[in-house]
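If you want the building blocks of each chain, they are given just below.
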Amino acid sequence: MTSTLPAPAPAPPNPRASRVTGFGPNWFASVMGTGIVANAAATLPAQFPGLRAAATVVWAFAALVLLGLTAAWGVLWTRHRALARGFAHDPVLAQFWGAPPMALMTVGAGTLLLGQDVLGLGAALTIDWVLWSAGTLLGLVTTVWIPYRMMTTHDVTPQSTFAGWLMPVVPPMVSAANGALLVPHLPEGGARTATLLACYAMFGISLFATLCLVPQVWQRLVHHKTGAAASVPTVWIVLGPLGQSVTAANLLGSVADSALPAPYGAAAAAFGLLYGVPTWGFAMMWLVLAAALTLRTARVGLPFALTWWSFTFPLGTVVTGTSALAARIHSGLFGVVAVALYALLVVAWATVAARTSRLVVQSPER
């Protein structure tokens, strides 16, 4: 005898749950992109009236967004753990596990560069140490964990190669650059030297991983073209390790003399210039190439997606790298280019932030 009872109606969706479950690791790119606008302003060769105050406001906003996303992730990992762990199973979304550690360190660096005006040096240092340590640890995990999953469980084809593969391996380079800001605040001796050498080691981790991946991205673009329009902005991600490595090499070179015996401190400073200029040249070439590919796609249609945040942080690292070179050799050329690129960064950030805000308002479940 079969039951004639109607099937139970499905439970109505929980708006709060949908808001939380929609925040994957890629959302932390918004913190990276916002924070780099503030940090790049703090290190810009030309300082304009009101620039530092505006940058401090942007840093505070990035910190608030980071707190909000961290709280959402706390709920996600507490109540929807299977979904949270499942982010690593998606071959595309898994790459953006590199965003949370870089978001932590970007806000941490901003706290030291700008936040000390509000919080004081002691509090700013403490916050930066905490965020840098947490971001470094998580970044070292993603650098091994995500490539391991790609090599063992992800279904990867030559056509699926994209610049987002760089995301999990860039965090150690961010650790190297931002760690250089902390080195002078350590006592002279073993701790300072060990931290500096650890930063150089992380510089190498990210650099050589990048050298393995960028040729694959180039080959994919040549043989299989740009692919879906929504993925085109990720081409800009290549600028991230390039610009960040120029920044790191020069910031580390600036503090190496206080931690290394002669002649290694002077050699580190020279390395910042001799490595930085050729890498900066390649970054300029890639910037033009990425812009051309983006404009070509925009003529047909470039739908908004969170991948648009790729226009911000990578470009911001080129700004900080250019500023670092300007400080290294006091070149007017690098100073002018840094200011011009920063203006482009601000326009890109304002555009993407506005579109993201509209997305959140219109589709809160995302």
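Here goes a summary of the coordinates provided. Nothing here was measured: the structure is a model prediction, and the numbers come from that model. (Residues numbered from 1 in each chain as written. Predicted model: local features only at pLDDT ≥ 70, side-chain atom pairs only at ≥ 80, totals over all residues. Heavy atoms only, no water.)

## Brief notes about the overall build of the protein
Link 1 in the chain: Looking only at helices and strands, the protein features 12 helices and zero strands.
Link 2 in the chain: Ordering the α and β elements of the protein from the N terminus gives α-α-α-α-α-α-α-α-α-α-α-α.
Link 3 in the chain: Taking 21 Å as the expected radius of gyration for a compact globule of 366 residues, we find that the protein reaches 21 Å, a close match to that expectation.
Link 4 in the chain: Along the first, second and third principal axes, the C-alpha set of the protein runs to 90 × 50 × 45 Å.
Link 5 in the chain: Counting all 366 residues of the protein, 52% fall into the buried class.
Link 6 in the chain: Here the contacts in the protein between residues at least 6 apart in sequence split such that 83% fall between residues at least 24 apart.
Link 7 in the chain: Summing over all exposed atoms, the protein offers an accessible surface of approximately 16,500 Å²; the carbon and sulfur share of this is 70%.
Link 8 in the chain: The centroid of the 16 positive side-chain charges in the protein is displaced by 13 Å from the centroid of its 7 negative side-chain charges. (Helix = DSSP H or I, 4+ residues; strand = E, 2+ residues; numbered from the N terminus. Rg over C-alpha atoms; globule rule 2.2 N^0.38 Å. Buried < 20%, exposed > 50% of the residue type's maximum accessible area, 1.4 Å probe, protein only. Contact = heavy atoms within 4.5 Å. Areas by Shrake-Rupley, 256 points an atom, 1.4 Å probe, with all protein chains shown as cover. Lys, Arg positive; Asp, Glu negative; His and termini not counted. Charge placed at Lys NZ, Arg CZ, Asp CG, Glu CD.)

## Remarks on the packing of helix H2 (residues 29–42) against helix H5 (residues 99–119)
Link 1 in the chain: It is the contact of H2 with H5, at a shortest axis distance of 8 Å, that shows an interaxial angle of 25 degrees. Put simply, H2 runs roughly parallel to H5. The two elements H2 and H5 cross, and the hand of that crossing is left-handed. For the pair formed by H2 and H5, the contact residues are Ala 29, Val 31, Met 32, Gly 35, Ile 36, Ala 38, Asn 39 and Ala 42 on the first element and Ala 99, Met 102, Ala 103, Thr 106, Val 107, Ala 109, Gly 110, Leu 113 and Leu 114 on the second.
Link 2 in the chain: Each residue belonging to the contact of H2 with H5 can be placed in one class, and the counts come to 13 nonpolar, four polar and no charged. (Axes fitted to C-alpha atoms, helices over the stretch in contact; angles between N-to-C directions. Parallel < 35°, antiparallel > 145°, perpendicular 65-115°, else oblique. Left-handed = near helix turned anticlockwise from the far one by under 90°. Nonpolar A, V, L, I, M, F, W, Y, C, P; charged D, E, K, R; others polar.)

## A few points about the layout of surface pockets
Link 1 in the chain: Its volume calculated, the largest pocket comes out at about 670 Å³.
Link 2 in the chain: Lining the largest pocket are 48 residues, with Val 92, Phe 96, Phe 162, Thr 234 and Thr 307 sitting closest to its centre.
Link 3 in the chain: Put simply, the parts of the chain that give the lining of the largest pocket at least two residues each are H2, helix H8 (190–224), helix H9 (239–255) and helix H11 (313–329).
Link 4 in the chain: In terms of residue count, the dominant contributor to the lining of the largest pocket is H8 (three residues).
Link 5 in the chain: Residue composition of the lining of the largest pocket, grouped by class: 29 nonpolar, 16 polar and three charged. (1 Å grid on protein atoms, 1.4 Å probe; cavity = no way out; pocket = protein on both sides within 12 Å on 5 of 7 lines; lining within 4 Å. Points joined across faces, edges and corners; volume = space filled by probe spheres on them.)

## Points about the pattern of salt bridges
Link 1 in the chain: Across all of its chains, the model carries one salt bridge by this definition.
Link 2 in the chain: Arg 52 is the partner of Asp 117 in a salt bridge, and the nearest nitrogen-oxygen pair spans 2.6 Å. Of this pair, Asp 117 sits in helix H5 while Arg 52 sits in helix H3 (residues 51–79), and the two are 65 residues apart along the sequence. (Salt bridge = Lys/Arg side-chain N within 4 Å of Asp/Glu carboxyl O.)

## Thoughts on the side chain of Thr 143
Link 1 in the chain: Its location among the elements puts Thr 143 in helix H6 (residues 121–152).
Link 2 in the chain: In this structure the side chain of Thr 143 is engaged in a polar contact, spanning 3.2 Å, whose partner is the backbone oxygen of Pro 168.
Link 3 in the chain: Excluding its chain neighbours within four sequence positions, the residues that come into contact with Thr 143 are Pro 168, Val 169, Pro 172 and Ile 205. (Polar contact = N/O pair within 3.5 Å; in protein donor to acceptor, adjacent residues only side chain to side chain.)

## A look at the side chain of Ser 30
Link 1 in the chain: Among the structural elements, Ser 30 can be located in helix H2.
Link 2 in the chain: A polar side-chain atom of Ser 30 sits 2.6 Å from the main-chain carbonyl oxygen of Trp 27.
Link 3 in the chain: Ser 30 has contacts with Val 65, Leu 69 and Trp 309, leaving out every residue within four places of it along the chain.

## So, a nonpolar patch on the surface
Link 1 in the chain: Taken together, the side chains of Val 118, Leu 119 and Ile 127 define a hydrophobic patch exposed on the protein surface, amounting to about 250 Å² of accessible area.
Link 2 in the chain: For Ile 127, a relative accessible area of 33% corresponds to the partly exposed category. (Patch = residues over 30% accessible without salt bridge, like charges linked within 9 Å, V, L, I, M, F, W, Y side chains within 5 Å.)

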